[in-house]
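# Understanding the architecture of this molecule
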Amino acid sequence: MKVEEFDYHLPEELIAQKPLPKRDESRLMVLNPKQNKIEENVFKNLKKFLDPGDMIIMNNSRVIPARLYGAKIPTGTEIEVLLLNELTEGHWEVLVRPGRRAKKGVKINFNDILKAEVVEYTDFGGRIVEFSWDENNYDFEEILNQLGEMPLPPYINEKLDDPERYQTIYSKKKGSAAAPTAGLHFTENLLNELQDYGIILDYITLHVGLGTFRPVKSEEIEDHEMHEEYAEISAETAAKIKEVKARGSKVIAVGTTVTRTLESAAQDGGLSEYKGWTDIFIYPGYEFKVIDSLITNFHLPKSTLLMLVSALAGKDFILSAYKKAVEDKYRFFSLGDAMLILNRKED
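Residues numbered from 1 in each chain as written. Predicted model: local features only at pLDDT ≥ 70, side-chain atom pairs only at ≥ 80, totals over all residues. Heavy atoms only, no water.

Spatially, β2-β1-β17-β16-β14-β3-β12-β13-β15 is the arrangement adopted by the nine strands of the open sheet, whose pairing is mixed. Both outer strands of the open sheet, β2 (37-42) and β15 (274-278), are each paired with one neighbouring strand and no more. Averaged over neighbouring strand pairs, the angle between their axes works out to 25 degrees when direction is ignored. Two strands pair when backbone bridges link them, and strand β1 (residues 27-32) and strand β17 (residues 338-342) are joined in this way by four bridges, in the parallel orientation. If you follow Leu28 over to β17, its bridge partner there is Ala338. Against the sheet, helix α5 (residues 256-265) contacts β3 (55-59), β12 (200-206), β13 (229-233), β14 (251-254), β15 and β16 (293-297), and its axis sits at roughly 85 degrees relative to β12. (Pairing = 2+ DSSP bridges. Helix = DSSP H or I, 4+ residues; strand = E, 2+ residues; numbered from the N terminus. Axes fitted to C-alpha atoms, helices over the stretch in contact; angles between N-to-C directions. Contact = heavy atoms within 4.5 Å.)

This is the structure in structure tokens:
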């Protein structure tokens, strides 16, 4: 299957640069693949499309200030470092820019508080660096909070007035290099309303790294290799999911990160507690084992995320929905509007 099959035209002015004043006022495009039907609504009306006993699963990972700016020792040349995965204490998988300045053995100084040495190359063009700092006076998290910046995607050209708007309201476990943005639309009031209606709410963790936003550079999508990201599902959550599935209610994933985590945990035919790395790549032809419906944002052309939603709803149907979203001037990408894909049988 060709990557070009997942392309679409997007006017630049439709890329959302700022979040809406109220999270749950985002527009909601509702897709029913079984009926080939598209409906327009508002995110705060989400429960209209769900049934009591359904289960919504969210990603509680929290974005860390993962972008650091340092200077090469001794030349002073500026080097940007984006933290991806902590391998062991002080050792991180990172992206560096410009890469040609960060050869093996290069040392980088960050404001005299933190230093790093490039110790290895990675197979995706990144680096493994070893950080060092005065452990008697600082811990690494404290240094990141002092020196690091929120790593907004490159298509967002303005800094956020409130960095918390790039965090979900339920973010808890620190470790992501980008937000699980499908969850940005939820408010406390909406979550309470859903719970009062009889919706089961639960959480998994996937620390968003390169696997989520790495572009596909191969011509055939089957040749693309996903980068590993760390994910967790508790035994209690897995048990709840199995109960929901057994009685015929729906499991609704909030975002592609939740989808990939749940589907990774079910690869051996069951679903149980899961702690480990996942590099699952979901594209058309994949048979879903856990999720029934998906809440997501509008994704970049030719991205693995667009391929995943195409696997759930059908490529042609998704691309027709995206065409309509462009015509109707929906707001795209991380800070934009939402889509609900209903993958349930016709009544």
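Quick look at the pattern of salt bridges now. Inspection of every chain in the model, using the stated rule, returns 25 salt bridges. As a salt-bridge pair, Lys47 and Glu193 come within 3.9 Å of each other at their nearest N and O atoms. Of this pair, Lys47 sits in the loop between β2 and β3 while Glu193 sits in helix α2 (residues 188-197), placing them 146 residues apart in sequence. In this structure Lys47 comes out as partly exposed when scored by relative accessible area, which is 30%. Linking Glu164 and Arg62 is a salt bridge whose minimum nitrogen-to-oxygen distance equals 2.5 Å. Of this pair, Glu164 sits in the loop between α1 (140-147) and β11 (173-176) while Arg62 sits in strand β4 (residues 61-63), and the two are 102 residues apart along the sequence. Glu164 gets classed as partly exposed once you look at its relative accessible area, which sits at 35%. It is possible to trace a salt-bridge network through shared partners that takes in Arg27, Glu40, Lys324 and Asp328. (Salt bridge = Lys/Arg side-chain N within 4 Å of Asp/Glu carboxyl O. Buried < 20%, exposed > 50% of the residue type's maximum accessible area, 1.4 Å probe, protein only.)

One broad trend across soluble globular proteins is that nonpolar side chains are buried collectively. Core analysis: the biggest nonpolar cluster contains 66 residues, and Leu262, Ile318, Phe332, Met339 and Ile341 have the highest contact counts within it. When residues in this core are grouped by element, the largest group, seven residues, is from helix α6 (residues 304-313). Core analysis: the second largest hydrophobic core is formed by 29 residues, Ile79, Leu82, Phe140 and Ile143 among them. (Core = buried A, V, L, I, M, F, W, Y, C linked by side-chain atoms within 4.5 Å.)

Another point: the domain arrangement of the protein chain. According to the domain assignment, the protein chain consists of domain 1 (3-63 + 162-342) and domain 2 (67-149). The distance between the C-alpha centroids of domain 1 and domain 2 comes to 31 Å. Taking both sides of the interface into account, the surface hidden between domain 1 and domain 2 amounts to around 740 Å²; carbon and sulfur atoms contribute 60%. Across the domain 1-domain 2 interface, the total number found is one salt bridge. Ionic pairing is found between Lys174 and Glu141, a salt bridge with its closest N-O pair at 2.4 Å. Viewed at the interface, domain 2 and domain 1 are joined by three residue pairs in polar contact (both at pLDDT 80 or more). Looking at the side of domain 1 that touches domain 2, the elements with two or more residues in it are β11 and α3 (210-213). Among the residues making up the side of domain 1 that touches domain 2, the classes are represented as four nonpolar, three polar and three charged. (Domains from an automatic or database assignment. Buried area = accessible area lost by both parts, 1.4 Å probe. Polar contact = N/O pair within 3.5 Å; in protein donor to acceptor, adjacent residues only side chain to side chain. Nonpolar A, V, L, I, M, F, W, Y, C, P; charged D, E, K, R; others polar.)

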